[in-house]
Amino acid sequence: MSRIRRVTSPAVPEPPPGLWSNCRVVDGIAYLSGFTARDQALRAPEGASMEAQARIIFGKMQALLEAAGGCMADMVKLTIFVTDITQREAVWKARREFFTGDFPACSLVEVSALAEPSILVEIEGVAHLGASRG
């Protein structure tokens, strides 16, 4: 029987109870919620560029994957939501700091708004833990 486990990291703020989990793992597959660049107090990033926000988000994903026993190279699918698709190159620039070689499959979606006006990007992902090592 498969077991679902919740993965946490001190580097990633946890949502208030009863809302969502940042990372759930089942059968070696990590499902990462949509992340924004909110800080430890869950405050939105005032004035941060889309690139800076994406960098923060990828850092959070990396911390959770490492806590789950994996790494960024295990990421197989990303979905990226942006409020201004003309700024997508800023997200790609940040992404290149965390991925090399074969990048994850990816969807990029422009949305009219995210949780707060200062949030410009949200990213979710799926990783197969340890798959990049085999």
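It should be noted that the structure appears before, not after, this text.
Anyway, here's the lowdown on the structure attached to this text. Just so you know, these numbers come straight off a predicted model, no measurement behind them.

Notes on the overall build of the protein
Helices and strands together make up the secondary structure of the protein, namely two helices and six strands. Secondary structure of the protein in N-to-C order comes out as β-β-β-α-β-α-β-β. Taking 134 residues into account, the globule formula puts the C-alpha radius of gyration at 14 Å, and the protein, at 14 Å, falls close to it. With the C-alpha coordinates of the protein rotated into their principal frame, the extents come out at 45 × 35 × 20 Å. Across the 134 residues in the protein, those meeting the buried criterion constitute 40%. As displayed, the protein has an accessible area near 7,100 Å², and 52% of this comes from carbon and sulfur atoms.

With respect to helix α1 (residues 50–68)
Between its first and last C-alpha atoms α1 spans 27 Å; for 19 residues at 1.5 Å apiece the expected length is 27 Å, and the two agree. Each element contacted by the buried residues of α1 is listed here: β1 (4–6), β2 (23–26), β3 (29–35), β4 (75–82), α2 (88–96) and β6 (121–128). Of the residues trailing α1, glycine 69 is marked for its positive phi of about 100°.

Notes on the packing of α1 against α2
Contact pair α1 / α2: the axes reach a minimum separation of 8 Å and the direction vectors enclose 35°. When you trace α1 past α2, the crossing you get is right-handed. Of the residues in α2, those in contact with Met50, Glu51, Ala54, Arg55 and Phe58 of α1 are Ala90, Val91, Lys93, Ala94 and Arg95. Of the residues belonging to the contact of α1 with α2, the class tally is six nonpolar, no polar and four charged.

Re the layout of surface pockets
Put simply, the largest pocket is a space of about 200 Å³. Lining the largest pocket are 14 residues; nearest its centre among them are Trp20, Gly34, Phe35, Thr36 and Arg38. Across the lining of the largest pocket, the residue classes break down as seven nonpolar, three polar and four charged.

Comments concerning the environment of alanine 67
With respect to the helices, strands and loops of the structure, alanine 67 is situated in helix α1. The class for alanine 67 is partly exposed, based on a relative accessible area of 41%. On a C-alpha basis, the gap between alanine 67 and glutamine 87 in space is 31 Å, while along the polypeptide they are 20 residues apart. Here alanine 67 is in contact with Val7, Thr8 and Ser9, once residues within four sequence places are set aside.

Definitions and limits used
- Residue positions are counted from 1 within each chain, in the order its sequence is given.
- It should be noted that, the model being predicted, local features are given only for residues of pLDDT at least 70 and side-chain atom pairs only at 80 or more, the latter also being counted only at that level, while totals for whole chains, interfaces and linings use all residues.
- The side-chain values count all of the structure's non-hydrogen atoms but skip hydrogen atoms and water molecules.
- Helix numbering and strand numbering both begin at the N terminus, where a helix is a DSSP run of H or I of at least 4 residues and a strand a DSSP run of E of at least 2.
- As defined in this context, the radius of gyration uses C-alpha atoms, and a globule is described by 2.2 Å times the residue total to the power 0.38.
- Accessibility here uses a 1.4 Å probe with only protein chains present; expressed as a share of the type maximum, an area under 20% marks a residue as buried, one over 50% as exposed, and anything in between as partly exposed.
- Using the Shrake-Rupley algorithm and a 1.4 Å probe, accessible areas are obtained, with residue cover drawn only from the displayed protein chains.
- Take the residue count of a helix, subtract one, and multiply by 1.5 Å to get its expected span.
- Contact definition: two residues touch when any of their heavy atoms are within 4.5 Å.
- Lines are fitted to the C-alpha atoms to define the axes, a helix being fitted only along its stretch in contact, and any angle between axes, read from their N-to-C directions, falls within 0 to 180 degrees.
- For any pair of crossing helices, the crossing counts as left-handed if the nearer helix is rotated counterclockwise from the farther one by less than a right angle, and right-handed if it is rotated clockwise.
- All amino acids are sorted into three groups, where Ala, Val, Leu, Ile, Met, Phe, Trp, Tyr, Cys and Pro are nonpolar, Asp, Glu, Lys and Arg are charged, and the leftover types, Gly among them, are polar.
- Each cavity reported here is a set of points on a 1 Å grid over the protein atoms alone in which a 1.4 Å probe fits but cannot get out, each pocket an open set with protein on both sides within 12 Å along at least five of seven lines, and each lining residue one with an atom within 4 Å of a point.
- Grid points are joined across faces, edges and corners, and a volume is the space filled by probe spheres set on the points.

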